[in-house]
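The lines below spell out each chain.
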Amino acid sequence: MTSLTYKLRRSKRKTLVLKIEQGEVVVYAPLKFSADKINEFVISKSNWINGKLKKFENTKGIVEAVNNLEKLLLLDNAHDIELSETERKIRFADGKLLVPKKYFDIQKRKNAIIKWLKTHALEMLRERIDYFSQFYEIKFGELSLTNAQKKWGSCDFRKNIKLNFRLILLPQDVIDYVILHELCHTYYLDHSSNFWNCLEKYCQSPKSMRLKLKQYSHLIGTYR
Ligand SMILES: [Zn+2]
């Protein structure tokens, strides 16, 4: 018989709900449901649960590897980070990030990698935003990078756009979505239906892209 460990939370609810919270299976159940019935329900969902748990472990593994400076994520591709005896500056070559040995100290290495990432993020994001801005004729003010804790991007009433440097870790289509999202804020500062209608002109299925972006929210906590 299959068994799955889960936390049970009973309340005055009417339906059974299964959630994965921080890698744990949590079942929200009505007060009167029998333990057998709940167990049966959980087992019937075991494929879904195992898929989610595996995904959680993978995500955790990636975040750890990024924070431990073992891996570099660029456009959703993971690359090794190697200390180099010969390099004098950080350099990306043969699919690896080569870091000079002078950055042996982990804090110094982290700062140097962040600096490298920011330089490349600004270059890539500027190229991309300029392209969309010209192609769709949407004017904006200044572009700058942020280190925001919760936001991937923002736009103020002066049409200045800020983008989180960690965007460079994400897939290109998600980055493009964030850029187009902020460009539409130059017309509408809120998230009204006018805003979403505007975004739909420039971006295919923006609402599904918004959900895709949410799948990468763990990366906004990296390099802290
Ligand atoms: Zn917005």
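Residues numbered from 1 in each chain as written. Predicted model: local features only at pLDDT ≥ 70, side-chain atom pairs only at ≥ 80, totals over all residues.

> I would appreciate a short explanation of the sheet that holds strand E5 (residues 77-84) in the present structure.
Hydrogen bonding along the main chain pairs the strands of a sheet, whether they run parallel or antiparallel. Here we have four strands laid out as an open sheet, ordered E4-E5-E7-E6, and mixed in their pairing. Each end of this open sheet is capped by a strand with a single partner; those strands are strand E4 (71-74) and strand E6 (91-93). When the angles between neighbouring strand axes are averaged without regard to direction, this sheet yields 35°. For E5 and strand E7 (residues 96-100), the ladder comprises five bridges, and the chain directions are parallel. If you follow glutamate 82 over to E7, its bridge partner there is leucine 98. (Pairing = 2+ DSSP bridges. Helix = DSSP H or I, 4+ residues; strand = E, 2+ residues; numbered from the N terminus. Axes fitted to C-alpha atoms, helices over the stretch in contact; angles between N-to-C directions.)

> Can you walk me through helix H3 (residues 106-135) in this structure?
Given 3.6 residues per turn, any residue in an α-helix points the same way as the ones three and four places further on. Here H3 spans 43 Å end to end across 30 residues, near enough to the 44 Å set by a 1.5 Å rise per residue. Burial in H3 covers these residues: Leu117, Ala121, Leu125 and Ile129. Looking at the residues trailing H3, positive phi occurs at glutamate 137, about 55°. (Expected span 1.5 Å × (residues − 1). Buried ≥ 20, exposed ≤ 12 C-beta atoms within 10 Å, placed from the backbone.)

> Even after reading the chapter, I still don't get the domain arrangement of the chain, so can you show me in this structure?
Often, the extent of an interface is quoted as the loss of accessible area on bringing the components together. By domain assignment, the chain separates into domain 1 (7-44) and domain 2 (67-221). On a C-alpha basis, the centroid separation for the pair domain 1 and domain 2 is 39 Å. (Domains from an automatic or database assignment.)

> Where do I start with the nonpolar core in this structure?
For soluble globular proteins, the rule of thumb is that nonpolar side chains tend to be buried together. In terms of nonpolar packing, the biggest core is built from 30 residues, with Leu167, Val178 and Leu180 touching the most fellow members. Residue assignment for this core shows that the elements contributing at least two residues are E4, E7, H3, strand E10 (161-164), helix H4 (172-184) and helix H5 (193-202). Once residues within four sequence positions are removed from consideration, leucine 180 is found in contact with Phe132, Leu199, Tyr202 and Cys203. (Core = buried A, V, L, I, M, F, W, Y, C linked by C-beta atoms within 7 Å. Contact = placed C-beta atoms within 7 Å.)

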